[in-house]
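# Close look at the chain arrangement
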Amino acid sequence: MHVYEDRYPTAATAAFPNPSAPASEYREVQRQLGLERVIVVQPSGYGFDNQCTLEAVAGFGPSARAIVVVKPETPEAELRRLHAMGARGVRYHMLPGGVLPWDGLEASAARIAPLGWHIQLQLDGRALPEYEARLGKLPCDLVIDHNGKFLEPVATDHPGFQVLLRLLASGRCWVKVSAPYETSKIGPPRYEDVGALAKALIKANPERCVWASNWPHPNRKTLPGNAAMLDLLLDWAESDAVRRRMLADNPARLYGFPPAP
């Protein structure tokens, strides 16, 4: 999820105005949905200024982790400081509003690998064949957003989706099954076009899938229900055991939480 506090200015590079979505409001979402852990992802609307994200993580406490946006040349001492504050990955947002270019990817990955961090990548999944070789060689784990974020929903035999499956099978890649509303042409309640991709990902590699709320659903005119987004797992995942893996066990491994009881 993302946190937006009104006192922090929107970056000049932002693709849309930052909404008002303070951490205090997400606590109510956690209460409603029964969520204990939280991953605060640096919004593209704040560029390289991670203050809002890190403040939120500090407020949430040990149950929180951060995904930050830092330059590839960031000194090791600064990365270790961020690690102590809960950072566990660097976000590469390859859509409007992103501030890190493709040509810094390998340098970032090499710098963060010793810390056990990962690259979180959002792109149009249709471009994955172009980048498969590069992504497969990264020295750290890779997390791909939103079912691959195919801006035009595709069939499961699409070359880009097949690349995503191969990356997951490598054992170094994860995918977030989340935010189907961002790309679906069918729409609610089940978003069947994107749902078909989520189901295929979960069936192929449930140990490499995690769920995300994507709260506060930024830049959406019509906001989806938070409970409805969680309930999609009843359709996408075939059993309680798989759902538990995605909601508790996999995130514990990926983000360095203690194992769930």
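Being a predicted model, the structure only gives us computed values, none of them experimental.

### Side note on the environment of Ala64
- Here Ala64 shows up in strand S2 (residues 64-68).
- Of the residues examined, Ala64 reaches a relative accessible area of 3% and is grouped as buried.
- Along the backbone, Ala64 and Arg37 are 27 residues apart, and their C-alpha atoms lie at a distance of 5.8 Å.
- Leaving out residues up to four positions away in the same chain, Ala64 has contacts with Val38, Val57 and Phe257.

### Points about the environment of Tyr92
- On the secondary structure map, Tyr92 appears in strand S3 (residues 87-93).
- Taking the relative accessible area as the measure of exposure, Tyr92 reaches 0% and is therefore buried.
- For the pair Tyr92 and Leu135, spaced 43 residues apart in the sequence, the C-alpha separation amounts to 12 Å.
- In this structure Tyr92 touches Pro72, Leu100, Pro101, Gly104, Leu105, Ser108, Ile119, Gln120, Leu121 and Gln122, once residues within four positions along its chain are discounted.

### Points about the nonpolar core
- Ranked by internal contacts, the top residues of the largest apolar core, which has 74 residues, are Trp117, Ile119, Leu121, Leu128 and Leu135.
- Ignoring anything within four residues of it in the chain, the contact list for Leu135 reads Trp102, Leu105, Leu121, Leu128, Leu142 and Leu167.
- Grouped together as the second largest cluster of nonpolar side chains are ten residues, Ile39, Ile67, Tyr255 and Phe257 included.

### Considerations on the pattern of salt bridges
- Summed over the entire model, instances satisfying the criterion amount to 18 salt bridges.
- Note that Glu132 and Arg166 form a salt bridge whose closest N and O atoms lie 2.9 Å from each other. Taken together, the residues span a long stretch of sequence, with Glu132 in helix H5 (residues 128-136) and Arg166 in helix H6 (residues 159-169) at a distance of 34 residues.
- Residue Asp240 pairs with Arg243 through a salt bridge whose shortest N-O separation is 2.8 Å. Here Arg243 and Asp240 lie together in helix H10 (residues 240-255), a separation of three residues that amounts to about one turn.
- One salt-bridge network, held together by shared partners, links Glu5, Arg7 and Glu55.

### Examining the sheet that holds strand S6 (residues 173-177)
- Strand order in the open sheet formed by seven strands is S1-S2-S3-S4-S5-S6-S7, and the pairing between neighbours is parallel. Every other strand in the sheet has two partners, leaving strand S1 (38-41) and strand S7 (209-211) as the edge strands with one partner each. Neighbour-to-neighbour, the strand axes of this sheet turn through a mean angle of 30°, independent of strand direction.
- Strand direction decides the pairing type here: S6 and S7, joined by three bridges, are parallel. Of the residues in S7, the one forming a bridge with Lys176 is Val210.
- Packing of H10 onto the sheet brings it into contact with S1, S2, S3, strand S4 (118-122), strand S5 (141-144), S6 and S7, and relative to S7 it is tilted by some 110°.

Analysis parameters
- Residues numbered from 1 in each chain as written.
- Predicted model: local features only at pLDDT ≥ 70, side-chain atom pairs only at ≥ 80, totals over all residues.
- Heavy atoms only, no water.
- Helix = DSSP H or I, 4+ residues; strand = E, 2+ residues; numbered from the N terminus.
- Buried < 20%, exposed > 50% of the residue type's maximum accessible area, 1.4 Å probe, protein only.
- Contact = heavy atoms within 4.5 Å.
- Core = buried A, V, L, I, M, F, W, Y, C linked by side-chain atoms within 4.5 Å.
- Salt bridge = Lys/Arg side-chain N within 4 Å of Asp/Glu carboxyl O.
- Pairing = 2+ DSSP bridges.
- Axes fitted to C-alpha atoms, helices over the stretch in contact; angles between N-to-C directions.

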